[in-house]
Amino acid sequence: MTSIELESVDKIYDPSGQAVQAVDDMNISIQDGEFLVFVGPSGCGKTTTLRMIAGLESVTSGSIVFGDEDVTDVRPRERGVAMVFQDYALYPHMTVRKNIGFGLRLSSDYSEQEIERRVEETAEMLGIEDLLGDRPGELSGGQQQRVALGRAIVRDPTVFLLDEPLSNLDAKLRDDMRKEILRLQRELDVTSVYVTHDQTEAMAMGDRIAVMNEGELQQVGPPEEVYLDPANEFVAGFLGSPSMNFLETSVESVDGTARFDGPGEFTYERSIDSLSATLEGYDRVTVGIRPEDVSIVESGGVPVEVTVVEAMGDENVVYLETGGVELTGRIDSHVRFSRGDRVRIDFAPDDLYLFEPETGEAIE
Ligand code: ATP
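Residues numbered from 1 in each chain as written. Predicted model: local features only at pLDDT ≥ 70, side-chain atom pairs only at ≥ 80, totals over all residues.

Labelled according to an unreviewed UniProt entry, the protein chain appears under the name ABC-type D-xylose/L-arabinose transporter, originating from Natronobacterium texcoconense. We quote the UniProt Function (unreviewed entry) comment for the protein chain here in full: "Part of the ABC transporter complex XacGHIJK involved in the uptake of xylose and arabinose. Responsible for energy coupling to the transport system." On record in UniProt, under Sequence similarities (unreviewed entry), the comment for the protein chain is "Belongs to the ABC transporter superfamily. Carbohydrate uptake transporter-1 (CUT1) (TC 3.A.1.1) family." (UniProt positions renumbered as here; feature names shortened; annotations may be inferred.)

Right, here's the structure in full:
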């Protein structure tokens, strides 16, 4: 097992003089045996970060440390990492047995007998013993993914790196493989770094998640913590489905009451004591409300018009409008709505998120 430390890591790609800063001053400590997930939109620098940890990409500046060894200039093969890719990268002309043993055969450290023993042990761990004689073309996507995992873990890596390994699988299989990967990781007790653009997958899998945007690390923490206490508007909007609602409001605090005035008929008044954030010094704030925190009330609250209702089973996702601004609510499906209905919505003060309008930083 080993910890991983990224210290002030920058990556600038410079194809034909057009510099792209793919990773900007990344600092993160990944603990021994941890399952850490990098998550963020396409192009935010996740894959580049993973490839720098693997040694497949050089760092422009900064350093990468495994345990107490600085590996910044150590070649990939000598870092003891195993990587699993989205497209599996299996050799089509080789059997599963040969594919899994391939990396071991490249090294002179293992006897043929030892390789056989390890390949069989690994195949058993993944439940693919019966496929050892098949070629990749004869296997389903899920089976190919298992072979790719097998090829990575057979070498007993100190660090396990996975780049969107499940994106080519259908939804049901993806769920099964998530559990499988976590089971393997616990069993092998190996420090693992996983990359995905899918926030649901990140939340379901990570001991901690590291949210990235435009090359910069936004926040790192356990999934629930990052979800409930986002550092800024980007993180708040990226996690959760449907996304958090954001409303720009003016705010006035008089006699212990805060009054938020937003678009259309959006007006919200609550005692300042009931709000978790301090509003001192702000005359405008961005209010964030998660769809699951929207409730329908008989009187009071904010009047809105129902524009779309999406049935989701026990809940409906309801799109609401006021003053040209759309709000989304997740409402128990016992409440009946039709398009064009006018209803009133409300939210508990504790459920409001407040952000600085200019910087998007959470107001603490
Ligand atoms: P995706 O999920 O789409 O793979 P990502 O978050 O993994 O995105 P990266 O692939 O790390 O992002 O890319 C980060 C930025 O660096 C992007 O702007 C990308 O276009 C750029 N980039 C990546 N690889 C190279 C390269 N070899 N040469 C030049 N620019 C690159």
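Q: What is the right way to read the overall build of the protein chain from this model?
A: A count of helices and strands for the protein chain gives eight helices and 20 strands. A principal-axis box enclosing the C-alpha atoms of the protein chain has dimensions of 80 × 45 × 40 Å. By the burial criterion, 35% of the 364 residues in the protein chain qualify as buried. The contacts of the protein chain with a sequence gap of at least 6 include a subset with a gap of at least 24, amounting to 65%. (Helix = DSSP H or I, 4+ residues; strand = E, 2+ residues; numbered from the N terminus. Buried ≥ 20, exposed ≤ 12 C-beta atoms within 10 Å, placed from the backbone. Contact = placed C-beta atoms within 7 Å.)

Q: How should the site of the ligand be read in this particular structure?
A: Surrounding the ligand, one finds 13 residues, the nearest of these being Tyr 13, Ala 22, Ser 42, Thr 47 and Thr 48. Taken together, the elements giving at least two residues each to the shell around the ligand come down to β2 (20-30) and α1 (46-54). Per-element tally for the shell around the ligand: the top contributor is α1, with three residues. (Near = placed C-beta within 6 Å.)

Q: Please clarify how the pairing of strand β3 (residues 35-39) should be interpreted in this entry.
A: Side-chain direction in a regular strand flips from residue to residue, so the side chains alternate between the two faces of the sheet. Most of β3 is tucked away, with five of its five residues classed as buried. A two-sided burial pattern is seen for β3, the buried positions comprising Phe 35, Val 37 and Val 39 on one face and Leu 36 and Phe 38 on the other. The pairing of β3 with strand β8 (residues 191-196) spans five bridges and is parallel. When the sheet's bridge partners are listed, Phe 38 is paired in β8 with Val 195. Examined bridge by bridge, β3 and strand β9 (residues 208-213) share four bridges and lie parallel to one another. Within β9, the position partnered with Phe 38 by the bridge is Ala 210. (Pairing = 2+ DSSP bridges.)

Q: Just to check I follow, could you spell out the nonpolar core for this structure?
A: General note: in soluble globular proteins, nonpolar side chains tend to be found buried as a group. Counting 85 residues, the largest nonpolar core has Val 37, Phe 38, Ala 152, Leu 161, Val 193, Ala 210 and Val 211 as the members making the most contacts within it. The residue makeup of this core includes at least three contributed by each of domain 1 (4-238) and domain 2 (245-355). Excluding residues that lie within four positions of it along the chain, Leu 161 makes contacts with Leu 50, Ile 53, Ala 54, Val 81, Met 83 and Val 193. (Core = buried A, V, L, I, M, F, W, Y, C linked by C-beta atoms within 7 Å. Domains from an automatic or database assignment.)

Q: What is the right way to read the environment of Ser 271 from this model?
A: Positionally, Ser 271 belongs in strand β13 (residues 267-271). Residue classification places Ser 271 among the exposed positions, given that 11 C-beta atoms sit within 10 Å. Sequence separation of Ser 271 and Val 335 is 64 residues, and the distance between their C-alpha atoms is 29 Å. Look past the residues within four positions of Ser 271 in its chain and what remains in contact with it is Gly 256 and Thr 257.

Q: Before we go on, may I ask you to explain the sheet that holds strand β15 (residues 295-297) in this structure?
A: Whenever strands of a sheet pair, they do so through backbone hydrogen bonds, lying parallel or antiparallel. Judged by pairing direction, the sheet is antiparallel, and its five strands sit side by side in the order β15-β19-β16-β17-β18 without closing on themselves. Since the sheet does not close on itself, it has two edges, and those belong to β15 and β18 (325-332), each with one partner. The sheet shows a mean angle of 50° between the axes of neighbouring strands, direction not considered. (Axes fitted to C-alpha atoms, helices over the stretch in contact; angles between N-to-C directions.)

Q: Explain the domain arrangement of the protein chain to me, please; I cannot follow it from the model alone.
A: On domain assignment, one finds that the protein chain holds domain 1 (4-238) and domain 2 (245-355). Here the C-alpha centre of domain 2 lies 40 Å away from the C-alpha centre of domain 1. Residue-level contacts link four residues of domain 1 with five residues of domain 2. Its residues assigned to classes, the side of domain 1 that touches domain 2 shows one nonpolar, two polar and one charged. (Nonpolar A, V, L, I, M, F, W, Y, C, P; charged D, E, K, R; others polar.)

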